[in-house]
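Reading the structure
This is what each chain is made of:
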Amino acid sequence: MRNAYLNYAGKRLLQAAVVVLLAYVFTFLVVSILPGDPITNVLHDPQNAFTMAQIQEIIEAQGLNDPVALQLWHALSGFVTGDLGLSMRSSRPVATLISEVLPSTLILASSALAVALVLAGLIAYGSQFLPRRFGQGFVRSLPSLFLSVPTFVIGLVLIHLFGFQLGLFMVIDPNSFWATVFASIALGIPISAQIAEVLVANLDNESAQEYAAVARARGLRQTPLFFRHFLKPSALPVVTVVALMVGEVLGGALITETVFGRTGIGNLVQRSVVTQDLPVLQAVVSLAAMVFVLVNLIADLVYPLLDPRVKILGATAVRSSASTSDTASPTVTV
Amino acid sequence: MTISLASALSRKRLHAPFAALGIPPSVALAFIILALVIGWSLVPGLFSGHDPFVGVPADKLQAPSIAHWFGTDQLGRDLYARVVHGTASSVSSALIAVVIGLFVGGLIGLLAGFLGGWVDIIFARLVDVLLAIPSFLLAVIVVTALGFDTINAAIATGVSAVAVFARVMRSEVIKTRQATFVEASFLSGGSRWHILLRHVLPNASRSVLPLAVLRFGLSILVIAGLAFLGYGDPPPASDWGLLISIGKDYMKWPWLIYAPAIAIIATVLSLNRISRWLRKTD
Amino acid sequence: MASQDRLKTPLLRVEGLSVSYGPNQVVRDVSFELGRGKSLALIGESGSGKSTIARAVLRLLPARGHATGRVEFDGQEVLSLPERHFRSLRGRSVGFVPQDPGNALNPVRTIGVQAQEAAALLDEPNHAVRKALILDVFAQVGLDNPQRVYDSYPHQLSGGMLQRVLIGLAVLPRPALLVADEPTSALDVTIQKRILDLLSQLQADLGISLLLITHDLAIAAERTDALVVLKGGVVQEAGRTAEVFASPSTAYARKLYADVPSLNPNRYAALRDPGLKRADDAAAPKIEFSGITKTFTVDGRTLTAVDNVSFTVPAGTTHALVGESGSGKTTAIRLLMGLDQPDQGHITVAGLTLSDRTPTTLREAWRHLQLVYQNPFTSLDPTWKVESLVREPLDRFRIGTPAERNDRVREALASVGLAEHLLSRKPAALSGGQRQRVAIARALVLKPDVIVLDEPTSALDVSVQADIVEVLLSLQAKLGLTYVFVSHDLALVRQLAHSVSVMHRGRIVEHGRVADIFDNPREAYTRALLEAIPSGIGARVRPVTSAQISTRIEEVA
């Protein structure tokens, strides 16, 4: 069993590494093969006022005249050794640019995730315990509503209500405590919806199981039934869902940071898109993929340890009893 | 008492034809909203008398009223007209995105799931890679590479949805392929392609259809997000996301944000409700 | 005085009980009484409302369910009792044994944790004592290693062991009433008998009243004092088991009685017996299955699913493969169909050698060899209409002109007794019995020589089963079909087969003519299978009270 697990972990690690490298290659190919030539656009943009010599220098430094395959090889070997290249705009190392803004995004992302988990937990609790006549239906429709509101609208509504009307925070100071809180809420709400959907569906599924009726027949009340029986099997799949949400959090951060005027990765991406600074974009996307793959790898490795039903066969973890499959909620396939 | 009676009566009258079809009232409402949105995008002129591009500067930034249902913007243009005229590109671009995701992803998933072996391994890795890149970031780099306009934003959104469709299609195909009735068709002399096209595809599509409706809603959100960031058509276009983006600079006149926001929310919520209903009734 | 009065009232009295889900009334005005220490069976087919009654008595109806009428437990009306007060009865005074033990325990919690919940009803503060009591009751219900069971997760135990655990947990607080909802229908036949024996034993030892919900008239007759026959939520007949059994007064009860294979072994003798002559004529067998071995590798271990199995089937007869789950009977017929390739051995069907063929060359064989699956709910494509389903083999094998195909589809449907108006229906709009008829029509439409039937009635109600069996036998008599019939139900096999092979762990332990095997079983395993057939009132099971076991709980406490 131990051996099987190590074997499984080793294989998954290898798969993860392959996926990260392929993600890098894929991004590279998207920006270099697709029609449109952002690089020359940028360099020859009169606003940038590069001289011909400067342009030549940049082209040399970035190796832009090499064949695509060679460029890819250079970039990939740089990526593997941790060298993310130079920004085309500022000529500063991309790694430095990213590390400057990373903490702000990490704070936003982790607090948004906390908001999402708390909200999802509250919705799940309400879906089971609120009386049917009084608000249960409303609570149950919340995830659907949350999923229908664009992140930037939530952000703007929060700014309008709490910033403008109540004056709780100033938009000019985007890194203040309240601004961070509301940014996290704006980012957390759509995330919470997806977690809550899975959680509520699982709880409903568990409480409809035969074992629930048998446990009730054993004299168990609703509350211990919920905490002792339903919560664990319902919450376990949430580990996987939360891991999958990492991508959403990073994507959402792009918009939230723009709305709240925060510095951060999202803001860096936004600036790099506008100036078409491809090395920065390439690096951010590859790192995001790496984070996503890493988090999901951890989730996949932890999951078999938490769920006694999961058996490890070869390179895959198999659940011995079927769980609800929800077409809307993603689950990892190996 | 009288109010509740009246509303119950009107509800009954409104939904009588739907009730006969076994459609719950909320789904009926969702279909009505969707029909309205389709109307807005096909014949916007029929729904609004004002010009969406030419305003009356004297009437700028007016609050919603009978004359201007959603108020007016900073150039005195009727906001309702702008929302109605922005529908076509906001909604049709989402439709393009879903069609791309559905066909490319569906084909990948179908082949990977049905052929198995090396095809599956290669496609599964490709899908893993696509899934690993956060979909909004993926849409952003694709639209950056293609250039900023709404059609490119739609293509980018479609590309970012390919992985989800491929994965769901693949798992549905694998599930269906193992079904007893597939083996029964095999015993009835059915060839692989007969089974793929006549048994596996129709059954697998039954759960992909609700997903497509759901992704249609999500694509509206993603494209609105891209437009909000300025990656879609520039003004004077009036995509819903772009309208909100302009509105954020005029926070004292919040209807500039709320009116297009409500259009987005109502549309996406309706699509979500329909998707859920399709999944349940299937 | 008061307590004496109490002892005179029945333990459970149900009066005018009706249950509805929204506008659908599923139980209508049901009344019955269950005395102390007595047993009563609620009998009916699916949709009869029998399980709903059990849940109403336990007040475990889903939120949409609404019950009216009176349910008196120990003289106390419980339907109207606040949940708070009823909770003290549930578990403590009324125990529940569910249908499918595989789903009746939380899969991510150990048995021990869940057993402690039941033990919490014992008013015993000491955890160690409670655990000792649990281990003791596990031993009492026949679990060999109580400590190991205590530490296990549900998926680590077999279905029979789980049902023992659940019965143990139900009787642990020494309830006065045990409600058992089809406690054995998800289990293998030999396990079934042991579980029923255990229930009877405990009932006698502990003086518990038993409310047994079952679809099996023979089990009810064998195990209970009184019975209530239900159909569509309405009581058809009720009374003392012996009396109802001796002279059922309603047509429904009579039909139910007639449809139980174990009570009517020779019901289809007229249709079956002509084949017996052909069974003796072993000159030109339709099917030869000789020396077949098939191994699978699972988790690095080699598993021999079919071990040197041989049998032959003469044309126009029915050969039964009988065995419990894991006996290799399903693998054997997959090999016979050519869906798997044997490691060793030789298979011929209708003169064609199957065992060395590729899927493409097998197509030729399948024109003469068709399979009817166990579960008609999964074997028909839900997106297809009946007409296309039955027509598919004709289209795929390109038989006849389109007009001829239409005729043959109608002919096949008529021969299984389906009306033409069903042609445009999809499977979801058909009942289980209708679906299985469609599946049989699909197998029949090619006019094959051999039809392999994989437990074709085990997913169906007993009256539907009787209809299907009749269809199968009359088709054989008319068309001279050869059947391979796979089943776990020996009583059913006796009704329709001519020869039988009894399989156990991949081997054939005994084979021969049905009459010989049933009258003179030579192997212990065959005898165990035969004994597991509930044989109705004649073999009434009444275990001796073993005072020794019942005192053990007191000793530990």
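Above this text is the structure in question.
These remarks concern the structure in this document.

About the cut-offs
- Residues numbered from 1 in each chain as written.
- Chains lettered and ligands numbered in written order.
- Predicted model: local features only at pLDDT ≥ 70, side-chain atom pairs only at ≥ 80, totals over all residues.
- Heavy atoms only, no water.
- Helix = DSSP H or I, 4+ residues; strand = E, 2+ residues; numbered from the N terminus.
- Buried < 20%, exposed > 50% of the residue type's maximum accessible area, 1.4 Å probe, protein only.
- Contact = heavy atoms within 4.5 Å.
- Buried area = accessible area lost by both parts, 1.4 Å probe.
- Salt bridge = Lys/Arg side-chain N within 4 Å of Asp/Glu carboxyl O.
- Polar contact = N/O pair within 3.5 Å; in protein donor to acceptor, adjacent residues only side chain to side chain.
- Pairing = 2+ DSSP bridges.
- Axes fitted to C-alpha atoms, helices over the stretch in contact; angles between N-to-C directions.
- Parallel < 35°, antiparallel > 145°, perpendicular 65-115°, else oblique.
- Nonpolar A, V, L, I, M, F, W, Y, C, P; charged D, E, K, R; others polar.
- Core = buried A, V, L, I, M, F, W, Y, C linked by side-chain atoms within 4.5 Å.

**Some words on the overall build of chain B**
Secondary structure assignment for chain B yields 11 helices and zero strands. Along chain B, helices and strands appear, N-terminal first, in the series α-α-α-α-α-α-α-α-α-α-α. Projecting the C-alpha coordinates of chain B onto the three principal axes gives extents of approximately 75 × 55 × 30 Å. Buried positions account for 55% of the 282 residues belonging to chain B.

**Quick notes on helix α8 (residues 180-187) of chain B**
Extensive coverage of α8 of chain B is indicated by the burial of six of its eight residues. Listing the buried residues of α8 of chain B in full gives Phe 181, Val 182, Glu 183, Ala 184, Ser 185 and Leu 187 of chain B.

**Thoughts on unusual backbone geometry**
Between Pro 235 of chain B and the following residue, Pro 236 of chain B, the backbone shows a cis peptide bond with an omega angle of 10 degrees. Assignment of secondary structure puts Pro 236 of chain B in the loop between α9 (192-228) and α10 (240-247). Not every positive phi belongs to a glycine, and Asp 74 of chain C is a case in point at roughly 55 degrees. Relative to the helices and strands, Asp 74 of chain C is located in the loop between β4 (65-73) and β5 (76-77). Not every positive phi belongs to a glycine, and Arg 174 of chain C is a case in point at roughly 55 degrees. Checked against the element boundaries, Arg 174 of chain C lands in the loop between α7 (159-171) and β7 (177-181). A relative accessible area of 32% places Arg 174 of chain C in the partly exposed class.

**Some remarks on the interface of chain A and chain B**
Each partner contributes residues to the interface: chain A has 51 residues there, and chain B has 49 residues. Buried surface at the junction of chain A and chain B, both sides included, amounts to about 4500 Å², of which 75% is carbon and sulfur. For the pair chain A and chain B, the interface holds one salt bridge. Among the salt bridges present, the one from Glu 197 of chain A reaches Arg 276 of chain B, with a minimum N-O distance of 2.6 Å.

**Some thoughts on the environment of Thr 150 of chain B**
Residues and elements named next belong to chain B. Its location among the elements puts Thr 150 in helix α7 (residues 150-177). Take Thr 150: its relative accessible area is 5%, and that puts it in the buried class. Placed 98 residues apart in sequence, Thr 150 and Pro 52 show a C-alpha to C-alpha distance of 18 Å. With residues up to four places along the chain from it excluded, the contact list for Thr 150 reads Ser 89, Ser 93, Gly 232, Asp 233 and Asp 239. In terms of polar contacts, Thr 150 uses its side chain to reach the backbone amide nitrogen of Asp 233, at 3.0 Å.

**Let's talk about the interface of chain C and chain B**
Each side of the interface is counted separately: chain C has 21 residues, and chain B has 16 residues. For the pair chain C and chain B, the two sides together bury roughly 1700 Å², of which 58% comes from carbon and sulfur. For chain C, the biggest contributors to the area lost against chain B are Tyr 373, Trp 384 and Arg 396 of chain C; these three give 28% of the whole. Counting across the chain C and chain B interface gives one salt bridge.

**A few points about the pairing of strand β13 (residues 318-322) of chain C**
All names here are of chain C. With five of five residues buried, β13 lies mostly within the body of the structure. The alternating pattern of β13 places Thr 318, Ala 320 and Val 322 and His 319 and Leu 321 on opposite faces, both of which are buried. In the sheet, β13 pairs with strand β19 (residues 499-504) via four bridges, with the strands oriented parallel. What sits directly across from Val 322, in β19, is Val 502.

**Structural notes on the pattern of salt bridges**
All names here are of chain C. For the structure shown, the criterion picks out 38 salt bridges over all chains. Across the pair Asp 340 and Arg 334 runs a salt bridge whose closest N-O atoms are separated by 3.5 Å. Salt bridges sharing partners connect three or more residues here, namely Arg 13, Glu 15, Glu 33, Arg 70 and Glu 72.

**Re the sheet that holds strand β1 (residues 12-21) of chain C**
One key point about sheets: their strands pair by backbone hydrogen bonds, in either a parallel or an antiparallel sense. Residues and elements named next belong to chain C. Read from one edge of the open sheet, four strands run β2-β1-β4-β5, paired in antiparallel fashion. With one partner strand each, in any of the chains shown, β2 (24-34) and β5 form the two edges of the open sheet. Bridging between β1 and β4 involves eight bridges; their strand directions are antiparallel. Considered in β4, the bridge of Ser 20 is made with His 66. The strands touched by helix α2 (residues 50-58) are β1, β2 and β4; relative to β1, the strand with the most contacts, the crossing angle is about 110 degrees.

**Looking at the packing of helix α10 (residues 222-260) of chain A against helix α11 (residues 265-274) of chain A**
All names here are of chain A. For the pair α10 and α11, the least separation of the axes is 7 Å and the interaxial angle reads 85 degrees. Taken together, the axis directions place α10 and α11 in an arrangement best described as roughly perpendicular. Where α10 abuts α11, its residues Ala 253, Leu 254, Glu 257 and Thr 258 lie against Ile 265, Gly 266, Asn 267, Val 269 and Gln 270. Taken together, the residues of the contact of α10 with α11 sort by class into four nonpolar, four polar and one charged.

**Let's talk about the nonpolar core**
Counting 163 residues, the largest nonpolar core has Ile 195 and Val 269 of chain A together with Ile 244 of chain B as the members making the most contacts within it. Apart from residues lying up to four places away in sequence, Ile 244 of chain B is in contact with Phe 152, Val 153 and Leu 156 of chain A together with Phe 228, Ile 257, Pro 260, Ala 261 and Ile 264 of chain B. Within the second largest apolar cluster, 88 residues are counted, among which are Ala 365, Leu 369, Leu 460 and Val 471 of chain C.

**Notes on the environment of Leu 263 of chain C**
On the secondary structure map, Leu 263 of chain C appears in the loop between α11 (251-259) and α12 (269-272). Judged by its relative accessible area of 15%, Leu 263 of chain C is buried.

**Remarks on the side chain of Asp 181 of chain C**
Residues and elements named next belong to chain C. In this fold, Asp 181 is placed in strand β7. Among the polar contacts made by the side chain of Asp 181, one reaches the side chain of Ser 51 at a distance of 3.0 Å. Apart from residues lying up to four places away in sequence, Asp 181 is in contact with Ser 51, Arg 55, Phe 96, Val 97, Pro 98, Gln 99 and Ile 213.

**Thoughts on the sheet that holds strand β16 (residues 369-372) of chain C**
Residues and elements named next belong to chain C. Strand order in the open sheet formed by six strands is β16-β17-β18-β13-β19-β20, with mixed pairing between adjacent strands. Single-partner strands in this sheet number two, and they are β16 and β20 (507-513). Between one strand axis and the next, the sheet turns through 15 degrees on average, direction left out of account. Along the sheet face, helix α18 (residues 432-444) touches β16 and β17 (450-454) and points at about 175 degrees away from the line of β16. Seen against the sheet, helix α22 (residues 524-531) touches β13, β19 and β20 and runs at an angle of roughly 105 degrees to β19.

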